[in-house]
Each structure stands twice: as structure tokens, then as C-alpha cells.
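What follows is the residue order along each chain.
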Amino acid sequence: MPKLGMEPLRRAALVEATIDCIGQAGSLDVTVGQIAARAGMSPALAHHYFGAKDQIFLAAMRHILTLYGAAVRDALAQAQTARARLEAIVQASFDDGQFRRPVVSAWLNFYVQAHQSPEAQRLLDVYQRRLRSNLVHALRPLMPAGAPEAADTLAALIDGHYIRAALGRGPEQPGAARDRVLRVADLLIGGRDAG
């Protein structure tokens, strides 16, 4: 009989192992057996908790998105001005927990999987809508007429940094990526600090 409370711990271990395996491989070309071994359990147990590899990967992305959402909310709670809200969103996007090799690799593979899986596409759509909404809300006091277009530009730049980092062509340090996005934001806003 399994110990009570082991399922959440095992699921969490499998999720972390999935992120690590994808980061090491740089692709979804990992097996449930590799993921399970990294988590210290049998492939049968991994299948029991999640079913197919795609479900384990989606659980890993939900975990990444949950951590990202919490980082954004925490950062926004500290922000007192519109500019500070913008900085908080960008900072959370390049937080040390997010902009690290295994997570960046997971994101790249998530973009690809969204083309093949309706469930992954829905999850990606939720992320993109929230990011855009947060950016528009932060930008509107700084540039009322251009906030939606600027939000789209900054969201694309954030995602682009993840893609470039996954391909080994972007800044490795989260601070460098964050600073580039904020410099572009300043250009879009026109250098004004309105909030």
C-alpha cells in the first residue's frame, strides 16, 4: 500500500525530471524511462501518474507557467508605478528560475508541440493572452494609443529571447535579456517615464 501523500511528491519529481531531461537533450527526444530514472522511479509508475510522455511534458509546462505566473504576480504586487509594472513583468520573464537552460529548452519544445497538440496550443494561448494583457495594462498609462501594439512587440521580443537562448544564439544571462527588452520598451514609449 503506498504511503499517503507520495503521489504529489512523485508527480513533482517527474515534472522536474522532465524539465531536466529536455534541457539536457535540447528536445522532446527523451523517453519516459529516462524521465523516470532521473526521478528515481520506474517507467510504469511514471505512466501510472501521467499516461503518455506528452502528458508528462504538458504537466511540466503547466508547472513552469504556474511558477512564472506567481513570479509575475509577486513582482506586480511590489510595483507602484506604470513603469515599475512594466519592469516587473519583464523581470519575471527573465527571472533566474525561468531563464535557465532546462526551462528555456522546455519552452522551445513547447512552441513546437503547440503546432501538433490542441491541448498544448490552448496552454500556449493562455500564456500569450496573459502576457499581452499584463503588458497592455502596464503600458497604457505610458503610451495610451500605442499600448496594444507595443505589448505585442515586447511579447514577441521576450519569446524571441527564449528561442535564441535555446538555439545558443542569445544572451545567456537573464539580466542582459531583460535589459534589452526594457531598452526597446523605452524606444517604444519614447523615453518618457510617465508613471
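All values reported here derive from a predicted model rather than from experimental measurement. (Residues numbered from 1 in each chain as written. Predicted model: local features only at pLDDT ≥ 70, side-chain atom pairs only at ≥ 80, totals over all residues. Heavy atoms only, no water.)

1. Quick notes on the overall build of the protein
Helix and strand counts for the protein come out as nine helices and zero strands. When the helices and strands of the protein are listed from N to C terminus, the series reads α-α-α-α-α-α-α-α-α. Dimensions of the protein, computed from C-alpha atoms along their principal axes, come out at roughly 60 × 35 × 30 Å. Out of the 195 residues belonging to the protein, those deemed buried represent 43%. The contacts in the protein between residues at least 6 apart in sequence include a share of 67% that link residues at least 24 apart. Summing over all exposed atoms, the protein offers an accessible surface of approximately 10,000 Å²; the carbon and sulfur share of this is 54%. (Helix = DSSP H or I, 4+ residues; strand = E, 2+ residues; numbered from the N terminus. Buried < 20%, exposed > 50% of the residue type's maximum accessible area, 1.4 Å probe, protein only. Contact = heavy atoms within 4.5 Å. Areas by Shrake-Rupley, 256 points an atom, 1.4 Å probe, with all protein chains shown as cover.)

2. A word on the side chain of asparagine 109
Mapped onto the fold, asparagine 109 is located in helix α6 (residues 101–113). Residues within four places of asparagine 109 in sequence aside, it is in contact with Ile22, Gly26, Ser27, Leu28 and Phe57.

3. Let's talk about the packing of aromatic side chains
Under the criterion given, the structure shown has eight aromatic pairs. Taking the centre distance of 5.9 Å and the plane angle of 65° together, the rings of tyrosine 68 and tyrosine 127 count as edge-to-face. In this pair, tyrosine 68 sits in helix α4 (residues 53–78) while tyrosine 127 sits in helix α7 (residues 118–139), placing the two residues 59 residues apart along the sequence. Across this residue pair, the class does not change: tyrosine 68 and tyrosine 127 are buried. (Phe/Tyr/Trp six-rings, centres within 6.5 Å; stacked < 30°, edge-to-face > 60°.)

4. Thoughts on the environment of alanine 12
Relative to the assigned elements, alanine 12 resides in helix α1 (residues 6–25). Residues alanine 12 and alanine 60, spaced 48 residues apart in sequence, show a C-alpha to C-alpha distance of 8.8 Å.

5. Some details on the pattern of salt bridges
This model, assessed by the stated rule, comprises six salt bridges. Across the pair arginine 11 and glutamate 7 runs a salt bridge whose closest N-O atoms are separated by 2.9 Å. Of the two residues, arginine 11 and glutamate 7 are both situated in helix α1; the distance of four residues between them amounts to about one turn of the helix. A salt bridge links aspartate 152 to arginine 132; the nearest nitrogen and oxygen atoms lie 2.5 Å apart. Of this pair, aspartate 152 sits in helix α8 (residues 147–166) while arginine 132 sits in helix α7; the two residues are 20 residues apart in sequence, bridging distant segments of the chain. The class for aspartate 152 is partly exposed, based on a relative accessible area of 38%. Taking the relative accessible area as the measure of exposure, arginine 132 reaches 34% and is therefore partly exposed. Taken together, the shared-partner salt bridges in this structure form one network comprising Arg83, Glu87 and Asp186. (Salt bridge = Lys/Arg side-chain N within 4 Å of Asp/Glu carboxyl O.)

6. Digging into the layout of surface pockets
Put simply, the largest pocket is a space of about 270 Å³. Those elements that provide at least two residues to the lining of the largest pocket are α4 and α7. Examining the composition of the lining of the largest pocket, we find that eight residues originate from one element, α4, more than from any other. Class assignment for the residues of the lining of the largest pocket results in eight nonpolar, three polar and three charged. (1 Å grid on protein atoms, 1.4 Å probe; cavity = no way out; pocket = protein on both sides within 12 Å on 5 of 7 lines; lining within 4 Å. Points joined across faces, edges and corners; volume = space filled by probe spheres on them. Nonpolar A, V, L, I, M, F, W, Y, C, P; charged D, E, K, R; others polar.)

7. Notes on the nonpolar core
The biggest cluster of nonpolar side chains holds 65 residues, and the ones touching the most others in it are Leu86, Trp107, Leu135 and Leu139. Looking at this core, the element that brings in the most residues is α4, giving 11 residues. Among all residues touching tryptophan 107, those that are not within four sequence positions of it are Met61, Ile64, Leu65, Gln98, Leu124, Tyr127 and Tyr162. (Core = buried A, V, L, I, M, F, W, Y, C linked by side-chain atoms within 4.5 Å.)

8. Points about the side chain of serine 117
Residue placement: serine 117 occurs in the loop between α6 and α7. Here serine 117 falls in the buried class, since its relative accessible area comes to 15%. Here alanine 120 takes part through its backbone nitrogen, which lies 3.1 Å from a polar atom of the side chain of serine 117. (Polar contact = N/O pair within 3.5 Å; in protein donor to acceptor, adjacent residues only side chain to side chain.)

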